[in-house]
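# Results of the structural survey
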Amino acid sequence: MDKLFDLSGKVAVVTGGSRGIGAMIARGLVGAGVRTYITARREEELLATAEELGAFGECIALPSNLGSVEGVQAFADAVREREPALHILFNNAGASWGAPIDEFPENGWDKVMDLNVKSLFFLTQKLLPALCAGGTAEDPARVVNIGSINGLTYAPLQNYSYTASKAAVHHLTRQMATDLAGDYINVNAIAPGFFPSKMTAHMLEHEAEMVKAIPRGRLGQPEDAAGTAIYLCARASAFVTGHVLVLDGGQAVSA
């Protein structure tokens, strides 16, 4: 029982790991003794985050552009050159786009769906050999997809492709979990509520109003993201697969 949350010696990949929830998750994994590869498109920001997290453990920056299948393949090849076995994959890289329904552009739809759904699927596919090598019957490899409460309930921000993409992520998680269980790979999703980040910085001026909609009475904190990530990757959750864990302080159920 004393090893239920022990992750030491494992290897992880966190996409979109340079900032926001991705960086929060990476911080938790690094601190738990996981050799953690983070990736993002902006190299300077990525390297700065890796240096910061390196104070707590082993964090390695691998810049990539996961907006295309070619970019996904290149990144997967770079990971597999370094790590024949992978224990943890966090599919966190994502984008959003907001516009009124009668003005919403095709490129805003395609960009978000390609990164949030298509790249998630194909990166998991390309890393399957490494994930299979990392999983066992007792302690499966873990794939954790980052969804959103906007994929569960109505979102008033007119970010149509984002909400559709996150609903797709949730259902894709269930499908992949069933199909990969026999390979000793657990697949779950986290559906976060509001966490302060660069992506959501423009909304913080309304923080007091937003908090009123959250029964716990506050926004998400780094420890919330890190703790949930550690649970889903540890022996404690080895019998949990195919689920969407909502991390929102009760906001979705009270909507």
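Below is a summary of the structure that appears in this document. Quantities reported herein were computed from a predicted structural model and do not represent experimental measurements. (Residues numbered from 1 in each chain as written. Predicted model: local features only at pLDDT ≥ 70, side-chain atom pairs only at ≥ 80, totals over all residues. Heavy atoms only, no water.)

### Some points on helix H1 (residues 20-31)
Between its first and last C-alpha, H1 extends 17 Å over 12 residues, near the 16 Å set by a 1.5 Å rise per residue. Buried residues dominate H1, accounting for 10 of its 12 residues. Within the span of H1, buried status applies to Gly-20, Ile-21, Gly-22, Ala-23, Met-24, Ile-25, Ala-26, Gly-28, Leu-29 and Val-30. Backbone geometry just downstream of H1 places Gly-33 in the positive-phi region, at approximately 90°. (Helix = DSSP H or I, 4+ residues; strand = E, 2+ residues; numbered from the N terminus. Expected span 1.5 Å × (residues − 1). Buried < 20%, exposed > 50% of the residue type's maximum accessible area, 1.4 Å probe, protein only.)

### Some words on the packing of H1 against helix H8 (residues 222-233)
H8 packs onto H1 with a crossing angle of 60° between their chain directions and a minimal axis gap of 8 Å. As the angle between them shows, H1 and H8 are arranged oblique. Judged by the twist between their axes, the crossing of H1 over H8 is right-handed. Contacts between H1 and H8 involve Ile-21, Met-24, Ile-25 and Gly-28 from the first element and Pro-222, Ala-225, Ala-226, Ala-229 and Ile-230 from the second. Tallied by class, residues from the contact of H1 with H8 come to eight nonpolar, one polar and no charged. (Axes fitted to C-alpha atoms, helices over the stretch in contact; angles between N-to-C directions. Parallel < 35°, antiparallel > 145°, perpendicular 65-115°, else oblique. Left-handed = near helix turned anticlockwise from the far one by under 90°. Contact = heavy atoms within 4.5 Å. Nonpolar A, V, L, I, M, F, W, Y, C, P; charged D, E, K, R; others polar.)

### Thoughts on the pattern of salt bridges
Under the defined criterion, the tally for this structure stands at eight salt bridges. Two residues, Asp-6 and Lys-3, come together in a salt bridge whose shortest N-O distance is 3.7 Å. Since its relative accessible area comes to 53%, Lys-3 is described here as exposed. Two residues, Asp-139 and Arg-142, come together in a salt bridge whose shortest N-O distance is 2.8 Å. Each of the two residues, Asp-139 as well as Arg-142, counts as buried. (Salt bridge = Lys/Arg side-chain N within 4 Å of Asp/Glu carboxyl O.)

### Examining the pairing of strand S4 (residues 88-91)
Of the two faces of S4, the one carrying Ile-88 and Phe-90 and the one carrying Leu-89 and Asn-91 are both buried. The sheet contact formed by strand S1 (residues 11-15) and S4 spans three bridges and is parallel. Each bridged residue has a counterpart across the sheet, and for Val-14 the counterpart in S4 is Phe-90. As paired elements, S4 and strand S5 (residues 141-146) share four bridges and run parallel to each other. Across the sheet, the residue bridging to Phe-90 is Val-144, located in S5. (Pairing = 2+ DSSP bridges.)

### Considering a positive patch on the surface
A cluster of basic side chains, namely Arg-19, Arg-41, Arg-42 and Lys-111, defines a positive patch on the protein surface. As for its placement among the helices and strands, Arg-41 is situated in the loop between strand S2 (35-39) and helix H2 (43-53). On the basis of relative accessibility, which here comes to 53%, the residue Arg-41 falls in the exposed class. (Patch = residues over 30% accessible without salt bridge, like charges linked within 9 Å, V, L, I, M, F, W, Y side chains within 5 Å. Areas by Shrake-Rupley, 256 points an atom, 1.4 Å probe, with all protein chains shown as cover. Lys, Arg positive; Asp, Glu negative; His and termini not counted. Charge placed at Lys NZ, Arg CZ, Asp CG, Glu CD.)

### Some thoughts on the sheet that holds strand S7 (residues 244-247)
Ordered in space as S3-S2-S1-S4-S5-S6-S7, the seven strands form an open sheet in which the pairing is parallel. Strands with a single pairing partner mark the edges of an open sheet, and in this sheet they are strand S3 (59-61) and S7. For this sheet, the mean angle separating the axes of adjacent strands, direction not counted, is 20°. One ladder, built from four bridges, connects strand S6 (residues 185-192) with S7; its direction is parallel.

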